[in-house]
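Residue-level structural notes
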Amino acid sequence: MNDKDLQKILSGRHGIKMSLFKTNRMNNLIRGTLHDYDINDIEEFEKPNVELTSSENFINMDSMLTLNQDLKKGDKVYTLVDSDVDGYTSSALIVDYFKKRYPNNLIEMIIPDTKIHGIDGNFDSIPDDCQDLIAPDSSSNDFSALHKLKDRNVKVFVIDHHNIEDERIASKYNIINNTWTTNDYVDDHYTGVGMVYKCLEYLDDNYFGDKLANSFLDLVALGQIGDMEDVSDLEIRTLMISGFKHINNKFLREYFSGDDEKPSPKHFAFSLIPKINATTRIGEHIDRQLLMNALTENESETFDVVKRKKNHKTGKFDKHEIRQNIYEYVKDRIIKTKAKQDRIVKKAVTELTYLSSVDNPMNVAVLDNKYNKGLTGLIANKLLGDTKKPSFVLIPHKDKNAFKGSMRTPMMYQHAKEDLAGVEGIEYVLGHENAAGIGIDIDKVKNVIYEMSILFKKSNDFVYKINAVYFNSTPSSKDCKDVQNHLDLFGGRVKEPLVGMIGLKVQKKDIYIKNNLFKININGVELVQFSASQEFIDGIQNNFKSEFCFDAIGTLGVNTWLGRTSPQIILDDIAFSDLIKNRQISKEELVF
């Protein structure tokens, strides 16, 4: 079956609009999905081993020899920790690497108390005794601060991946960056931690004659995924897969201890990465310091902690004291910090002031200045999940007569960033297509809301692009398990399989609803939507029908809870629909 055939079947019926990438891939969903994303050499993609960009190709790379010599002779060297996962792993990699090289001259860390990036924003935190400053994952355009430090005779080594705005000025400083137009061929998918790896690889090749940098590829994988870079790029993928195979960092080993799930971009993105991000956003300085101590394997402290454990005889929880090492202690702390962040976000949503009306196809809301501005993206994401509408959460900056904040839009809006950039009154949209920072002129906000309403109403007829379609049925338990076991194949440009299910007949008694959680079980496969719209929930609960028919869109996997696993499809969308009558799949439709 091709998409033309599918559209004939869907024509004139109620349900979700969807179209096939190429041809129906239900006979081999994984390989078919890879083909849909133009991965033709699947064996190479599964086990990548491509030749990496030479570290010699990067402008200013030889400045790493100067840094190495300064460390060797005992100069006081600091690294400025950038406030996100990429920044934390970048500085951790630097400290860990040079600790092995020069254990008697450890690099010290400057850890910002707020989520402010670069030397410009943290200039006053640079100690007077600093002789060399490393700025990984930031500062490529902090020319004023770089000039001031040069006047103080501080040697600065910027290792970055953000675009350089003025190469003429930047050329005066030691900036190693994969966006230089004068670089020889380099891979532009390296993030900050990837660029740090290339710098250390250069020292391995040109000074030490070993491969020490390869011992830290687990940190490289974590940072690359955390910065939402395209990890399907074969060069990045080669390093990432190697990092997955060799989790050497002691904190990462502790965090994932007892976790049987195979490492993958999705697993990292839904487990450790949000907890590190929560710490960089709302954690106290001690939380950030301890996290960096754990990532850099500083084992100087142990911690006495009171835990509660259920007494099975009394049924009560008894307190007992245990001693934890740095890795155990920090794991507990970042989990608690993430839980605290979730509570703050939940409360903040209830205190938003809406500029849009309930009739608008999107949410535009203002967050009180008492909240950390770093939370706008999380709050927008929460709004998106609750309402299924594009969501914009803004904070007023009266001195600049502007709203600044974050936007989150459903993945169905594939050109949201591009379309919004053309709206009068929107000053910038910076970031990813569906998750970006946004600035809006306060005086033109009414026009922006009006234009947004038109834009997103036009998008209501969105068609989901799917990799396979199932008629009156769902993928099997085996399909779900196969996808779960191959999640390391997906990430970046290559998305995990998205499937369409058409004409699912479900008895009302088999539907589980709690608040906005929706669940059904079909042939041993659980279909779940965690934030179903209230309109959809009401359509079931207020209906006297004993049977419903649905169309659904979702991704496959396996849920593990209390040691039990069950095949699961996480629904992106579900809607009432018509049954596909007398529909059978022919052999010709099972295309690979």
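Coordinates for the structure precede this section.
Description of the structure in this document. (Residues numbered from 1 in each chain as written. Predicted model: local features only at pLDDT ≥ 70, side-chain atom pairs only at ≥ 80, totals over all residues. Heavy atoms only, no water.)

For the rest of this paragraph, the subject is the nonpolar core. Ranked by internal contacts, the top residues of the largest apolar core, which has 67 residues, are Met-64, Leu-93, Phe-98, Phe-251, Leu-272 and Leu-295. The contact partners of Leu-93, leaving out residues within four places of it in the chain, are Val-193, Val-196, Tyr-197, Leu-200, Phe-216, Leu-219 and Val-220. If you look at the next biggest cluster of nonpolar residues, it comprises 36 residues, including Leu-504, Ile-522, Ile-537 and Ile-574. (Core = buried A, V, L, I, M, F, W, Y, C linked by side-chain atoms within 4.5 Å. Buried < 20%, exposed > 50% of the residue type's maximum accessible area, 1.4 Å probe, protein only. Contact = heavy atoms within 4.5 Å.)

Another point: the pattern of salt bridges. Charged atoms that come close allow side chains of opposite charge to pair. Following the criterion strictly, the structure yields 25 salt bridges and no others. When the shortest N-O distance is used, the salt bridge between Lys-250 and Glu-299 registers 3.0 Å. Linking Lys-250 in helix 12 (residues 250–255) with Glu-299 in the loop between helix 15 (285–295) and strand 7 (302–310), this pair joins segments that are 49 residues apart in sequence. By relative accessible area, which is 32% here, Lys-250 ends up partly exposed. Residues participating in the shared-partner salt-bridge network are Asp-70, Lys-73, Asp-75 and Lys-155. (Salt bridge = Lys/Arg side-chain N within 4 Å of Asp/Glu carboxyl O. Helix = DSSP H or I, 4+ residues; strand = E, 2+ residues; numbered from the N terminus.)

Within the sequence span of helix 7 (residues 143–151), burial applies to Phe-143, Ala-145, Leu-146 and Leu-149. All buried residues of helix 7 project into a common sector of 160 degrees when viewed along the axis, lining one side. For helix 7, the secondary structure elements touched by its buried residues are helix 6 (118–121), strand 4 (132–136), strand 5 (155–160), helix 8 (167–170) and strand 6 (175–177). Of the residues flanking the end of helix 7, it is Asn-153, one or two places downstream, whose phi is positive at about 65 degrees. (Arc of directions from axis to C-beta.)

Before going further, it helps to spend a moment on the side chain of Ser-356. With respect to the helices and strands, the residue Ser-356 is situated in the loop between strand 9 (353–354) and strand 10 (363–366). Here Val-364 takes part through its backbone nitrogen, which lies 2.9 Å from a polar atom of the side chain of Ser-356. In contact with Ser-356, not counting residues within four places along its chain, are Met-362, Asn-363, Val-364 and Ile-449. (Polar contact = N/O pair within 3.5 Å; in protein donor to acceptor, adjacent residues only side chain to side chain.)

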